[in-house]
Amino acid sequence: MTITIAFYKGRLAENDHALLFDRLTCWRTRSRFSHCELVLPEPSGGQKCWSSSFRDHGVRGKAVDLTTGRWVLIKVPGVSADTASAWFKAHVGAPYDWFGLLGWVFPWRVSNRAWWFCSEACAEAMGLEESWHISPGDLYQLALHMDGWEVAP
């Protein structure tokens, strides 16, 4: 099976809607991406984006317009959409991991395993190890190494 991961362009040079938070995330993680979403099929047809978002205060699924030019999409084979969907549905409403996010800024990690930031949630849903240590840019690189390929939105 193949899933899609959507990566949000967080630099002003690529996205004039990038917020200060997006730009700081890109700067600190040395990446062009500040956020990511798993794009999963819905049983009724169509698709929904799943992640943990600071704007939405935690783990959630929602419709996202991926055709705005602000996203890079990577198709990744070998990841179960059913397993990823089940993980997200089991964690809906879990708080955003502000403390884990601060671990990207400070030299120590403080986190709560019941709280999630975007790439941590996506990596965990995909079954990747050490998800707490994966930034959106790291997940992009991992997806490419998992034989993923970029597709047009």
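Residues numbered from 1 in each chain as written. Predicted model: local features only at pLDDT ≥ 70, side-chain atom pairs only at ≥ 80, totals over all residues. Heavy atoms only, no water.

## As for the nonpolar core
Ranked by internal contacts, the top residues of the largest apolar core, which has 30 residues, are Ile3, Ile5, Leu38, Phe88 and Leu139. Among the elements that make up this core, the one with the highest residue count is helix α4 (residues 118-125) (5 residues). Setting aside anything within four residues of it in sequence, one finds Phe88 in contact with Leu38, Leu40, Trp50, Ser51, Val59, Ala121, Cys122 and Ala125. (Core = buried A, V, L, I, M, F, W, Y, C linked by side-chain atoms within 4.5 Å. Buried < 20%, exposed > 50% of the residue type's maximum accessible area, 1.4 Å probe, protein only. Helix = DSSP H or I, 4+ residues; strand = E, 2+ residues; numbered from the N terminus. Contact = heavy atoms within 4.5 Å.)

## Brief notes about helix α5 (residues 136-145)
Quick reminder: α-helices carry 3.6 residues per turn. Residues three or four places apart thus point the same way. Among the residues of α5, Pro136, Gly137, Leu139, Tyr140 and Ala143 are the ones counted as buried. The buried side chains of α5 occupy one side of the element, clustering within an arc of 160° when seen end-on. Structurally, α5 contributes buried residues whose contacts are with β1 (2-9), β2 (33-41), β5 (71-77), α4 and β6 (149-151). Once α5 finishes, Asp147 follows within two positions and takes phi at roughly 65°, a positive value. (Arc of directions from axis to C-beta.)

## Considerations on the state of the cysteines
Evaluated as defined, the whole model comprises 0 disulfides. Unpaired in this structure, Cys26 has its nearest cysteine sulfur neighbour in Cys118, at a distance of 10 Å. (Disulfide = S-S within 2.5 Å.)

## Considering the pattern of salt bridges
Within the structure shown, the criterion is met by 5 salt bridges. With its nearest N and O atoms 2.6 Å apart, the salt bridge here joins Glu14 to Arg32. Here Glu14 is found in the loop between β1 and α1 (20-29), whereas its partner Arg32 is found in the loop between α1 and β2, with 18 residues between them in sequence. In this structure Arg32 comes out as partly exposed when scored by relative accessible area, which is 27%. When the shortest N-O distance is used, the salt bridge between Asp56 and Lys62 registers 3.2 Å. Taking the relative accessible area as the measure of exposure, Lys62 reaches 34% and is therefore partly exposed. Because the salt bridges share partners, they merge into one network encompassing Glu37, Asp56, Arg60 and Lys62. (Salt bridge = Lys/Arg side-chain N within 4 Å of Asp/Glu carboxyl O.)

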